[in-house]
Structure formats: C-alpha cells, structure tokens
Amino acid sequence: MKVLVIGGGAREHALCRSLSLDPDVTALHCAPGNAGIAEVAELHQVNALDGTAVAELAGRLGVDLVVVGPEAPLVAGVADTVRDRGIPCFGPSAAAARLEGSKAFAKDVMAAAGVPTARAYVCVNAAEVDEALDAFGPPYVVKDDGLAAGKGVVVTSDPAAARAHALACDRVVIEEFLDGPEVSLFAITDGETVLPLQPAQDFKRAYDGDEGPNTGGMGAYSPLPWADPKLVDEVLTTVLQPTVDELRRRGTPFAGLLYAGLAITSRGVRVIEFNARFGDPETQVVLARLKTPLAGVLLRAATGTLEMEPPLRWSDGAAVTVVIASHNYPGTPRTGDPITGLAEADGRDKTYVLHAGTKLSETGDIVSAGGRVLSVTATGSNLAKARGRAYDAVKLIELDGSHHRTDIAARAADPE
C-alpha cells in the first residue's frame, strides 16, 4: 500500500511513524511534513487547504490511501475532493467535519442524538453574551464557534475576560462549566461501524499545575489507571455510536476519526467537544500503544469495510509524551532557534522524538519553526517508567527559551 499523509505537525509525525512500521506500507509520502517526518517519509510541497492540489498530488504519486491530519483541510472539503478522484481518503467530508468546525452545529447534533453534554447558549451579540454569562455564572466557559487551532476556548472566573473573548468572536457558544477530570477518546469509523481506541488525557494549560493560558496541548498519557474500566464501552454506547448514527441519518455520514473530549463529572460522562481528526498530543501516546498495524484499519474506514476489522491489539504498558514549546508560546512564538541533543534523545530505550514545529535551515541544521516544537514520547511497563524515560530524554534537548511542563502524568503515575 502507498500512503500519503497531509499535514506537518507531531500528530502527522506520529501517524507517519506508525505507518512506516506497517509491513503493508510500501511507500510513504507526506505533504508538507517537517524535518522529523523527512526521516520516515518522502516530503512534498502542497497547499493542504487546496483539495484539487492534494488530489492531483495523490494521483501523481499513485497512492492507495490519503490520510488528512489537521482539521482545517477537512473543514475545507479536501477529503471530498480526493474521494471525488476515486482515491480512498481517511477523513470526514466537509459536511460531517462541521462537527468540529462549528460548536453550535455539534450541540445541535448532540441534542438530536441524545448525547449528554453541557447546557449552552449560542450568542451573536453583546446582549445575548451578557444574558448567557449571567445565566451560568463563574467559572465561565466561552468557546469560539469556529476553528481556532485548539485555542478558541476560555475558561475563567473573570467576567470581564469572559466577555472580552466572547465579543472578539463572530459567533460564540457559552456553556455551563463541567467539573471533573477530562478524557480524550478517539474512535475510527466508516460511518456505521465505530471502533474506539484507548483513552488518553492531555494537558491544555501552558504551565505546571494547570496554570497559564490554554494551548494546543503540552503533553499526554495513556492508559488512565483511575478511569472506570467500563468507560470506553459506556462512551461508545452513549456518545460515539449515537453521534455517528445521527450524522448518517442526516445524510452526512462521518467516516474518519471522531474525537470525543469528555468530562467525567459528578453527574456522569459529558461531552465537552467533538473533533474531526486525531488529537495532538494524545495521538502520540495512543499510537505508541497500538500493536495492530495502522494502515489497514484506516483503509477499511475509508472504504466502508470497518466491520471486517478484527479487535484492535494494544500493549499492556503505558505511554507519556511531553511537549517542548518555543519561547513565548502560546503567544507569538520565536522561531529559527537551533535545536541540539535530538540524536541523543531520539532512540533512547523505548523513547523517540516526534517533530511538530521544525524545519531544516539553509545550513542543514534543525531549527524551530512553530509554537509546539517537539513531542518527546516514551513507553514503559507502567506510567512511572514511561514518564521517567520521557523526561530523561527532554533533559538532553537544548532549545533556547523553550519551556515544557514538568508534571505530565505525575498524579496518575504516583496517585499518592
């Protein structure tokens, strides 16, 4: 099988790494990729938001499967254009990807499907914003209705900050605060059959102790030793399958990766949000534990034959990923700084480095090229061992002005 992956972050590096280890994959391409992905896939330049350009590249390369990584190309309809050319594509249609592209649309689907979620108001002017903020009270949860690269949500007890964020959005969803720990659960689906993966937890705040602004994610771990063993089955029954069934009923079947962001509240499981693609950095730890070769599963989802897929096989161990971010992230990041220590960190015992915001300089050195620069990922027989390996590798990497959280998976690895 020849595969083309669209995207250039650590999520795509994780996907490319897993696909490169799949014996059925005979050629692996990525567009546009990054400096790390270049070590496992052939890179190509393409405008990832241009469906015609992506489809032409896929046709020229003669690939058997296109995997669209980021959300923006999916919402833009890239997967539709690729499929129109007769090429199997893993990723939902633009119509189905509205589940991530519009928080208001997702709320409507959940209401119709009977999926448990937070009560919410959709607001388009200042009067509606003020009414919604007053109705719920602090802490305020304010979400930009559209795509915001994982940074469109503000959770604050400051009414002025909540109002300012709301008024900066054209359309905003204001909802009740959900207490309890958060869980990310991915599911691969062909629009009918739903195949859940293993749950993970990510860390959105920039600094230790969940302090600082929201980011795209500063680390993750899997499995979740504190979670109910029945959690995956419950979410499949009450959230994932009903959502897929509702979208199919509407004539916009969802085929691809359905990501449910969940809160385990005192009143039960509630959906915080849906995404229409693999999450970053959770993908890094989930794929690190997946033993089933990836390409065949994605192809079956893309061709409507997922019911034929045997149960997925998982390692019994754990995985932890720690994100190294550039100076000033999640503000405007500083780029172009050289990165050293990668060779020493990558390939240590059960440890590897996934590239996110990197590129090759004119002199051939790897330099920073984005906000989240690297995902250092490690596995072990338990969370404590995986965590120790990840942080041992982080210490070897030098990037001027960079920062990372030191508490990823700390509580789960050592509950007491």
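Everything numeric in this text was worked out from a predicted model, so none of it was measured.

**Here we look at the pairing of strand 1 (residues 2-7)**
Argument step 1. By the criterion of burial, strand 1 is predominantly enclosed, with five of the six residues buried.
Argument step 2. As judged from the six bridges shared by strand 1 and strand 2 (residues 27-32), these two strands associate in the parallel manner. Residue pairing across strands places Gly7 opposite Pro32, the latter belonging to strand 2.
Argument step 3. Following the backbone out of strand 1, through helix 1 (residues 10-20) and into the adjacent parallel strand 2, one traces a crossover that is right-handed.
Argument step 4. Of the strand pairs in this sheet, strand 1 and strand 4 (residues 65-68) are connected by four bridges, and their pairing is parallel. For Val5, the partnering residue across the bridge sits in strand 4 and is Val67.

**Quick look at the sheet that holds strand 6 (residues 120-123)**
Argument step 1. Strand order across the open sheet formed by four strands is 6-9-7-8, with antiparallel pairing between neighbours. Each edge of the open sheet carries a strand with a single partner, namely strand 6 and strand 8 (153-156). The sheet shows a mean angle of 20 degrees between the axes of neighbouring strands, taken without regard to direction.
Argument step 2. As judged from the four bridges shared by strand 7 (residues 140-144) and strand 8, these two strands associate in the antiparallel manner. If you follow Tyr140 over to strand 8, its bridge partner there is Thr156.
Argument step 3. With respect to the sheet, helix 6 (residues 103-113) is in contact with strand 6, strand 7 and strand 9 (172-175), its orientation differing from that of strand 9 by roughly 50 degrees.

**Comments concerning the packing of aromatic side chains**
Argument step 1. Scanning all chains against the criterion turns up five aromatic pairs.
Argument step 2. Judged by centre distance (5.4 Å) and plane angle (55 degrees), the ring pair of Tyr121 and Phe136 falls under tilted. Of the two residues, Tyr121 is situated in strand 6 and Phe136 in helix 7 (residues 126-136); the sequence distance between them amounts to 15 residues.
Argument step 3. Residues Phe186 and Phe278 carry aromatic rings whose centres are separated by 5.8 Å and whose planes lie at 85 degrees to one another, so their mutual orientation is edge-to-face. Placement of Phe186 in strand 10 (residues 182-189) and of Phe278 in the loop between strand 17 (268-275) and helix 10 (282-289) is noted, with a sequence separation of 92 residues between them.
Argument step 4. For Phe186, a relative accessible area of 1% puts it in the buried group.
Argument step 5. Ring pairing ties together the aromatic residues Phe90, Phe186, Tyr259 and Phe278, which thus form one cluster.
Argument step 6. We note Arg17 situated over the ring of Tyr352; from NZ or CZ to the ring centre the distance is 3.5 Å.

**Looking at the nonpolar core**
Argument step 1. One finds Leu4, Val66, Leu99, Leu240, Val320 and Ile397 to be the most contacted residues of the largest nonpolar core, which totals 75 residues.
Argument step 2. Top contributing element to this core by residue count: helix 9 (residues 231-249), with seven residues.
Argument step 3. Once you skip the residues sitting within four places of it in the chain, Val66 turns out to touch Leu4, Ile6, Ala58, Val82, Ile87, Pro88, Cys89 and Phe90.
Argument step 4. Counting 43 residues, the second-largest nonpolar core is a separate cluster that includes Ala295, Ala302, Leu354 and Ala356.

**Concerning the environment of Asp228**
Argument step 1. One can find Asp228 in the loop between strand 15 (219-222) and helix 9.
Argument step 2. Here Asp228 falls in the partly exposed class, since its relative accessible area comes to 48%.
Argument step 3. Once the C-alpha coordinates of Asp228 and Glu56 are considered, the two residues, 172 residues apart in sequence, prove to be 46 Å apart.
Argument step 4. A distance of 2.8 Å separates a polar atom in the side chain of Asp228 from the backbone nitrogen of Lys230.

**Here's the deal with the pattern of salt bridges**
Argument step 1. This structure, assessed with the given rule, holds 22 salt bridges.
Argument step 2. A salt bridge links Asp400 to Arg334, with the nearest nitrogen and oxygen atoms 2.8 Å apart. On the criterion of sequence distance, the pair formed by Asp400 in the loop between strand 24 (398-399) and helix 14 (410-413) and Arg334 in the loop between strand 18 (318-325) and strand 19 (339-340) is long-range, its members being 66 residues apart.
Argument step 3. By relative accessible area, Arg334 is classed as partly exposed at 31%.
Argument step 4. Connected through shared salt-bridge partners, Asp108, Glu246, Arg249 and Arg250 make up one network.

**Remarks on the side chain of Ser184**
Argument step 1. As for its placement among the helices and strands, Ser184 is situated in strand 10.
Argument step 2. Residue class for Ser184 comes out buried when judged on its relative accessible area of 5%.
Argument step 3. At 3.3 Å, the side chain of Ser184 forms a polar contact with the side chain of Tyr259.
Argument step 4. Of note is the side chain of Ser184, whose polar atom sits 2.6 Å from the side chain of Glu282.
Argument step 5. If we ignore the near neighbours within four places in the chain, the residues touching Ser184 are Pro199, Ala200, Asp202, Tyr259, Ala260 and Glu282.

**A look at the packing of helix 7 against helix 8 (residues 159-167)**
Argument step 1. It is at 10 Å that the axes of helix 7 and helix 8 come closest, and there the two elements cross at 145 degrees. At the point where helix 7 passes helix 8, the crossing takes the right-handed sense. Contact residues: Ala126, Val129, Asp130 and Leu133 in helix 7; Pro159, Ala162, Arg163, Ala166 and Leu167 in helix 8.
Argument step 2. Looking at the contact of helix 7 with helix 8 residue by residue, the classes come out as seven nonpolar, no polar and two charged.

Rules of the game
- Residues numbered from 1 in each chain as written.
- Predicted model: local features only at pLDDT ≥ 70, side-chain atom pairs only at ≥ 80, totals over all residues.
- Heavy atoms only, no water.
- Buried < 20%, exposed > 50% of the residue type's maximum accessible area, 1.4 Å probe, protein only.
- Helix = DSSP H or I, 4+ residues; strand = E, 2+ residues; numbered from the N terminus.
- Pairing = 2+ DSSP bridges.
- Right-handed = clockwise from strand over helix to strand, strands pointing away.
- Axes fitted to C-alpha atoms, helices over the stretch in contact; angles between N-to-C directions.
- Contact = heavy atoms within 4.5 Å.
- Phe/Tyr/Trp six-rings, centres within 6.5 Å; stacked < 30°, edge-to-face > 60°.
- Lys NZ or Arg CZ within 6 Å of the ring centre and 35° of its normal.
- Core = buried A, V, L, I, M, F, W, Y, C linked by side-chain atoms within 4.5 Å.
- Polar contact = N/O pair within 3.5 Å; in protein donor to acceptor, adjacent residues only side chain to side chain.
- Salt bridge = Lys/Arg side-chain N within 4 Å of Asp/Glu carboxyl O.
- Left-handed = near helix turned anticlockwise from the far one by under 90°.
- Nonpolar A, V, L, I, M, F, W, Y, C, P; charged D, E, K, R; others polar.

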